[in-house]
Amino acid sequence: MFDLPGEKLEKIDQFIEENRRDVPFYYEEGECDILYVPVEDGKLRVFHHKPKKDITKRPIVFFPGFGNPPWTWRYFSVPSHNRGEYYIIDTREKRSSNMNKHRKINMTIDQMAKDVGDVIKYLGIDKQDYVLMSSSWGGGVLLQGLI
């Protein structure tokens, strides 16, 4: 932890307040297309938002991580909502991802990394420059996939 002088904290607070946006969360009805992308053992749910006027240079692909429901990451899309295109890929353990239920379903980090790659290829995102980001377990999955 670090301490900042009061004046710097005030500047940070002011910056946040000046840039606060009142936009709907990405998972609210009508804000994103919900796609189901085929992967090994089933389909993954993907949220896709493409604004009418895209002012960003590349789409963002976000992989939230293992066990987190969409509302956990509700603020992720606020800065880019209606400004840029983004995709949010659910992980295979979620019921929303429509995986074939059987005892030997592959839940390894390698399989999840492959899932992300398969989704990116299936949607054609790999044919353009994009931002790939994650958090938590998802960050480890992406690192494994990049390796």
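Note that residues are indexed from 1 along each chain, following the sequence as it is written. pLDDT decides what is reported in this predicted model: residues at 70 or higher carry local features, side-chain atom pairs at 80 or more are listed and counted, and totals for whole chains, interfaces and linings draw on all residues regardless. To get the side-chain values, take all heavy atoms of the structure and skip hydrogens and water.

> What am I meant to see in the packing of aromatic side chains here?
The geometry of an aromatic ring pair is captured by the separation of the ring centres together with the interplanar angle, meaning the angle of the planes. Side-chain rings of Phe, Tyr and Trp, where Trp is taken by its six-membered ring, are said to pair if the distance between their centres is within 6.5 Å; with planes under 30 degrees apart they count as stacked, over 60 as edge-to-face, and otherwise as tilted. Scanning the model with the defined rule gives five aromatic pairs in all. Look at Phe25 and Tyr75: their rings are 5.3 Å apart centre to centre, the planes differ by 90°, and that puts the pair in the edge-to-face class. Within this pair, whereas Phe25 is found in the loop between α1 (6-18) and β1 (33-39), its partner Tyr75 is found in the loop between β3 (60-63) and β4 (86-89), the two being separated by 50 residues in sequence. A relative accessible area of 56% places Tyr75 in the exposed class. An aromatic cluster of at least three residues, connected via ring pairs, comprises Phe25, Tyr26, Tyr27, Phe47 and Tyr75. Put simply, DSSP marks the helices as runs of H or I at least four residues long and the strands as runs of E at least two long, and each gets a number from the N terminus on. Categorising residues by exposure relies on relative accessible area from a 1.4 Å probe, with only protein chains included: less than 20% of the type maximum marks a residue as buried, more than 50% marks it as exposed, and the intermediate range marks it as partly exposed.

> Quick question: what am I supposed to make of the pairing of β3 here?
A regular strand places its side chains on the two faces of the sheet in alternate fashion. Taking every second residue as pointing to the same face, both faces of β3 are buried, with Ile60 and Phe62 on one and Val61 and Phe63 on the other. Each pair of strands is called paired provided DSSP finds at least two bridges between the two strands. Note that β3 and β4 share three bridges and pair parallel. What sits directly across from Ile60, in β4, is Tyr86. Relative to strand β5 (residues 131-134), β3 runs parallel, the two being bridged by four bridges.

> What is the right way to read the sheet that holds β4 from this model?
Strand pairing in a sheet is mediated by backbone hydrogen bonds. Such pairs are either parallel or antiparallel. Pairing within the open sheet is mixed, and its five strands lie in the order β1-β2-β4-β3-β5. Each edge of the sheet is formed by a strand with only one pairing partner; in this case those strands are β1 and β5. Strand-to-strand twist of the sheet, defined as the mean angle between neighbouring strand axes without regard to direction, takes the value 25°. One ladder, built from four bridges, connects strand β2 (residues 42-49) with β4; its direction is antiparallel. Across the sheet, the residue bridging to His48 is Tyr87, located in β4. Structural elements are reduced to axes, namely lines fitted to C-alpha atoms, with helices fitted over the stretch in contact, and the angle between N-to-C directions of any two is expressed from 0 to 180 degrees.

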